[in-house]
Amino acid sequence: MTNFKGGLRRSLAGIAPCLLLGAALSGCATPPPQTDAADYQAYKQLNDPLEPTNRVFYNVNDKLDTYFMKPVAQGYVDITTQGIRNHVGDFISNIKEPARWVNFMAEGMPRDAGTSLVRFLVNSTIGIGGIFDPAGALGYKETDTDFGMTLAIWGVPAGPYLYLPFFGPSGARDVWNLPVEYFATPMEVAPASAALTDFGYSETGLNLINTRADYLGPIAQVKATALDPYATFRSLYRQSRASEIQQIYVSDGQQPPTWAQSQP
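**Let's talk about the packing of aromatic side chains**
Under the counting rule described, the total for this entry stands at 8 aromatic pairs. Taking 5.4 Å as the distance between ring centres and 80 degrees as the angle between the ring planes, the aromatic pair formed by Tyr-58 and Tyr-163 counts as edge-to-face. Of this pair, Tyr-58 sits in helix H3 (residues 51–79) while Tyr-163 sits in strand E1 (residues 161–164), and the two are 105 residues apart along the sequence. Accessibility assignment for this pair places Tyr-58 and Tyr-163 in one class, buried. Linked through ring pairs, Tyr-58, Tyr-161, Tyr-163, Tyr-230, Phe-233 and Tyr-237 together constitute an aromatic cluster.

**Thoughts on the pattern of salt bridges**
Tallied over the entire structure, the rule returns 17 salt bridges. Notably, a salt bridge pairs Glu-51 with Arg-55, separated by 2.7 Å at the nearest N-O pair. Here the residue Glu-51 and the residue Arg-55 both occupy positions in helix H3, the gap between them amounting to 4 residues, near one helical turn. Taking the shortest distance from any N to any O, the salt bridge between Asp-65 and Lys-223 comes out at 3.6 Å. With a gap of 158 residues between them, Asp-65 in helix H3 and Lys-223 in helix H12 (residues 216–225) connect regions that are remote in the sequence. Exposure remark for Asp-65: the relative accessible area of 12% places this residue in the buried category. Counted as one network, the salt bridges with shared partners bring together Glu-97, Arg-100, Arg-119, Asp-133, Glu-142 and Asp-144.

**Remarks on a nonpolar patch on the surface**
On the surface, a nonpolar cluster with roughly 520 Å² of combined accessible area is contributed by Val-56, Val-60, Leu-64, Phe-166 and Phe-167. Inspection of the secondary structure puts Val-56 in helix H3. Judged by relative accessible area, Val-56 falls into the partly exposed class, the value being 47%.

**A closer look at helix H4 (residues 82–95)**
For H4, with 14 residues, the first-to-last C-alpha span of 20 Å sits near the 20 Å given by 1.5 Å per residue. Taken as a whole, H4 has its buried residues at Arg-85, Val-88, Ile-92, Ser-93, Asn-94 and Ile-95.

**Notes on unusual backbone geometry**
If a residue is not glycine, its phi is most likely negative; likewise, a peptide bond is most likely trans. Here Ile-128, not a glycine, exhibits a phi torsion of approximately 55 degrees, which is positive. Position of Ile-128 relative to the elements: it lies in the loop between helix H6 (110–125) and helix H7 (134–137). Residue Phe-166 is not a glycine yet carries a positive backbone phi of 75 degrees. Among the structural elements, Phe-166 can be located in the loop between E1 and strand E2 (168–171).

How each quantity is defined
Residues numbered from 1 in each chain as written. Predicted model: local features only at pLDDT ≥ 70, side-chain atom pairs only at ≥ 80, totals over all residues. Heavy atoms only, no water. Phe/Tyr/Trp six-rings, centres within 6.5 Å; stacked < 30°, edge-to-face > 60°. Helix = DSSP H or I, 4+ residues; strand = E, 2+ residues; numbered from the N terminus. Buried < 20%, exposed > 50% of the residue type's maximum accessible area, 1.4 Å probe, protein only. Salt bridge = Lys/Arg side-chain N within 4 Å of Asp/Glu carboxyl O. Patch = residues over 30% accessible without salt bridge, like charges linked within 9 Å, V, L, I, M, F, W, Y side chains within 5 Å. Areas by Shrake-Rupley, 256 points an atom, 1.4 Å probe, with all protein chains shown as cover. Expected span 1.5 Å × (residues − 1).

Structure (structure tokens):
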């Protein structure tokens, strides 16, 4: 049964981008005529040709969040302290460090790759499996990356914006991070066992709840103040990705190229 569940999860991770892209293609926004220069330029700038379908997925996710994820995250906050949640975040971040190291190597960022390796070795030992972050205290600060950002550094354009069911904001380039992130974990290279499978499910669930708890305030503020929360979340996602890509160059001691200084 363990092998079956593991195989099923691998299959879902591998085909997820294809399924999600196929679903997104089922509905497209109609572009304004090119003779209307202002509206057409605004349409191109948004880079959201699948907006009707994206908004459907946003509404579905919003309902799931309102009636499930948000109450669970709020309950989690009520029974934990900020310190505990910080340690949980450090532990989950440490699990992702080997994947960051691989991506930094692929991006040609040796300093970031070295920092990532040191962080994993130090935090996995002195930091008791990553529950603590002594590497950060030693000056080896975390810099995030993933396969979507690796593709960006390779020059792959962002492509149209996507709002994915269950996963949330993404893009035609970033969506390929889903299967890569799943397979590039220490659990995937370890010998299969029932305990490891249960740990993987628990880590995924805890990651979702802990992350949602971190954003209880910001998400509530956007929903309370934004005239169009969907458009606001789209803009925030793009700004965040652009900032993360710039930070990779800065932390590695390199000058971000011109294209990396604008939204991806």
